Amino acid sequence: MASVKLKDVVKKYPGGVIAVSDFNLDIEDKEFIIFVGPSGCGKSTTLRMIAGLEEITEGELYIDGKIMNDVAPKDRDIAMVFQNYALYPHMSVFENMAFGLKLRKTPKNEIKKRVQEAAKILDIEHLLERPIKALSGGQRQRVALGRAIVREPKVFLMDEPLSNLDAKLRVQMRTEISKLHHKLQTTIIYVTHDQTEAMTMGTRIVVMKDGFIQQVDTPTRLYDKPCNVFVAGFIGSPQMNMITGTAEKIDDDLYFKFGTQKVKIPAKKAAKIIDQGFVSDEDVIKPIIMGIRAENVHDEQMYIDMFKDEALLTATVDVVERLGSETFLYMTSEESIIVAKVNPRSTAAVGDTIQIVLDPNRFHFFDKETERTISN
């Protein structure tokens, strides 16, 4: 297997359109790394540059320590799994999986051995003689994965391979691909726009927007310590609540105020806000954004008793979503929308004005102007 390094990589198209800018990333051997971001952010373009399907305008690409800018795709020792499977419908499963090896003049015994081993890993041994057109979407995706596995490449590239599957099958295939990574111990670079896929599968995640890397980190750190408003909002479902207000000193404490409501900012985060000059006063108003995730907003009495002196708010319930194992409340407080993930037995109803508390230990603060983090 192999490491992958992208150094100062840029992709420009005719007409001056820049798809990827200043892309720097070191991918370790055997790592499962995910490129995630909204449509048009440059993630698939970056993957295609690694594959050799797009020319690199500027910068350098290394695979296993060797520069690959001018190396043909077939000589890069990579295998790619596409969104649309790209299988040959007139061939059987075995023939599809064996096709690349036949082109390489691999001996027949070796081809049979590799195909059968890959089919066993993917639990499609019983499908080897079937035509592709007789398979379901999930089975076709397994065949596409099998075709990549038999190549025994240094790097696997996967471009939104699950996006054509239904929701239940996507969850199943996520698990299968994660298991595959543990079995094969190979380097995988995986592109998706689905942050749930990214959070559940990757050892590290590259969050992209408008051709730029926003943050590279583990799923846990991305969730707990987002570097800016975009990452905070993109990672997590439902997305993080964002409330615009000001940080103001009252006696010896610092409070976040929006409208007539206020919450006390914990001492460590308050110190960072003060040190960076974000405290408003009568003469200068410095708007900041406070972020809080839905699971850290509570309507239960035990939490209200715990945090009522620090972060008690009043809100009006607009929508209630009861999903069995969890309930979401969509509320308005001082014209700010707040979503709470509450106990499924919550009695809150549409139209109610209720008390809620925010867990002050889970506050995030961002500069309103630059949208960069203040507190993380």
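Use the structure listed above.
Cut-offs and rules
Residues numbered from 1 in each chain as written. Predicted model: local features only at pLDDT ≥ 70, side-chain atom pairs only at ≥ 80, totals over all residues. Heavy atoms only, no water. Buried < 20%, exposed > 50% of the residue type's maximum accessible area, 1.4 Å probe, protein only. Helix = DSSP H or I, 4+ residues; strand = E, 2+ residues; numbered from the N terminus. Contact = heavy atoms within 4.5 Å. Pairing = 2+ DSSP bridges. Right-handed = clockwise from strand over helix to strand, strands pointing away. Core = buried A, V, L, I, M, F, W, Y, C linked by side-chain atoms within 4.5 Å. Axes fitted to C-alpha atoms, helices over the stretch in contact; angles between N-to-C directions. Salt bridge = Lys/Arg side-chain N within 4 Å of Asp/Glu carboxyl O. Phe/Tyr/Trp six-rings, centres within 6.5 Å; stacked < 30°, edge-to-face > 60°. Lys NZ or Arg CZ within 6 Å of the ring centre and 35° of its normal.

Describing helix 2 (residues 93–103)
At 3.6 residues per turn, the α-helix brings residues three or four places apart onto the same side. Those residues of helix 2 that sit buried are Val93, Asn96, Met97, Ala98 and Leu101. The inward-facing, buried residues of helix 2 contact helix 3 (108–122) and helix 4 (137–150). Looking one or two residues past helix 2, lysine 105 carries a phi angle of roughly 60 degrees, positive in sign.

Section: the pairing of strand 7 (residues 155–159)
Where burial is concerned, most of strand 7 is hidden: five out of the five residues are buried. Side chains Val155, Leu157 and Asp159 of strand 7 all project onto a buried face; the interleaved residues Phe156 and Met158 project onto the opposite face, where all are buried too. In this structure, strand 6 (residues 78–81) lies alongside strand 7, joined through four bridges in parallel fashion. Bridge assignment links valine 81 to a residue of strand 7, and that residue is methionine 158. Pairing geometry for strand 7 and strand 8 (residues 187–192), over five bridges, is parallel. The residue of strand 8 that forms the bridge with methionine 158 is tyrosine 190. Between strand 7 and its parallel partner strand 8, the chain crosses via helix 5 (residues 167–184), and the hand of that crossover is right-handed.

Topic: the nonpolar core
Across soluble globular proteins, you tend to see nonpolar side chains buried next to one another. Within the largest apolar cluster, 46 residues are counted, with the highest numbers of intra-cluster contacts made by Val93, Met97 and Tyr190. Here methionine 97 is in contact with Val115, Ala118, Ala119, Ile124, Leu128, Val143, Gly146, Arg147 and Val150, once residues within four sequence places are set aside. The next biggest cluster of nonpolar side chains, apart from the first, holds 30 residues, and it includes Ala247, Leu254, Ala340 and Ile374.

Topic: the sheet that holds strand 9 (residues 204–209)
Spatially, six strands are ordered 6-7-8-3-9-10 in an open sheet, and the strand pairing comes out mixed. Both edges of this open sheet fall to strand 6 and strand 10 (212–217), since each of them pairs with a single strand only. With strand direction ignored, the average angle separating the axes of adjacent strands in the sheet is 15 degrees.

Structural notes on unusual backbone geometry
Here the bond from serine 237 into proline 238 is cis, since omega is -5 degrees, no more than 30 degrees from zero. One non-glycine residue, lysine 105, lies in the positive phi region at around 60 degrees. Relative to the assigned elements, lysine 105 resides in the loop between helix 2 and helix 3. At glutamate 335, a position not held by glycine, the phi torsion is positive, near 70 degrees.

Observations regarding the pairing of strand 17 (residues 312–322)
Note on strand geometry: in a regular strand, side chains alternate between the two faces of the sheet. As paired elements, strand 17 and strand 20 (residues 353–358) share five bridges and run antiparallel to each other. The residue bridging leucine 313 from the neighbouring strand is isoleucine 356, located in strand 20. Note that strand 17 and strand 18 (residues 327–333) share six bridges and pair antiparallel. When the bridges of strand 18 are listed, threonine 316 appears paired with threonine 332. Linking strand 17 to strand 18, which pair antiparallel, is a turn of four residues; within it glycine 324 sits at a positive phi near 90 degrees.

Overview of the pattern of salt bridges
Under the counting rule described, the total for this entry stands at 15 salt bridges. Notably, a salt bridge pairs glutamate 110 with arginine 114, separated by 3.0 Å at the nearest N-O pair. You can see glutamate 110 and its partner arginine 114 sitting in helix 3, four residues apart, about one turn around the helix. For arginine 114, a relative accessible area of 16% translates into the label buried. Within the structure, one salt-bridge network assembled from shared partners comprises Lys11, Arg48 and Glu54.

Remarks on the packing of aromatic side chains
The tally for this structure, following the rule as stated, stands at seven aromatic pairs. Each ring, one from phenylalanine 256 and one from phenylalanine 365, has its centre 6.0 Å from the other, and the planes form 55 degrees; the classification is tilted. Of the two residues, phenylalanine 256 sits in strand 12 (residues 253–258) while phenylalanine 365 sits in strand 21 (residues 364–367), which places them 109 residues apart along the sequence. Its relative accessible area of 0% is what places phenylalanine 365 among the buried residues. Three or more aromatic residues link up through ring pairs in this structure, and these residues are Phe256, Phe258, Phe363 and Phe365. The side chain of lysine 262 reaches across the aromatic face of tyrosine 255, ending 5.7 Å from its centre. Geometry around tyrosine 223 places arginine 293 over its ring, the cationic atom sitting 3.8 Å from the centre.

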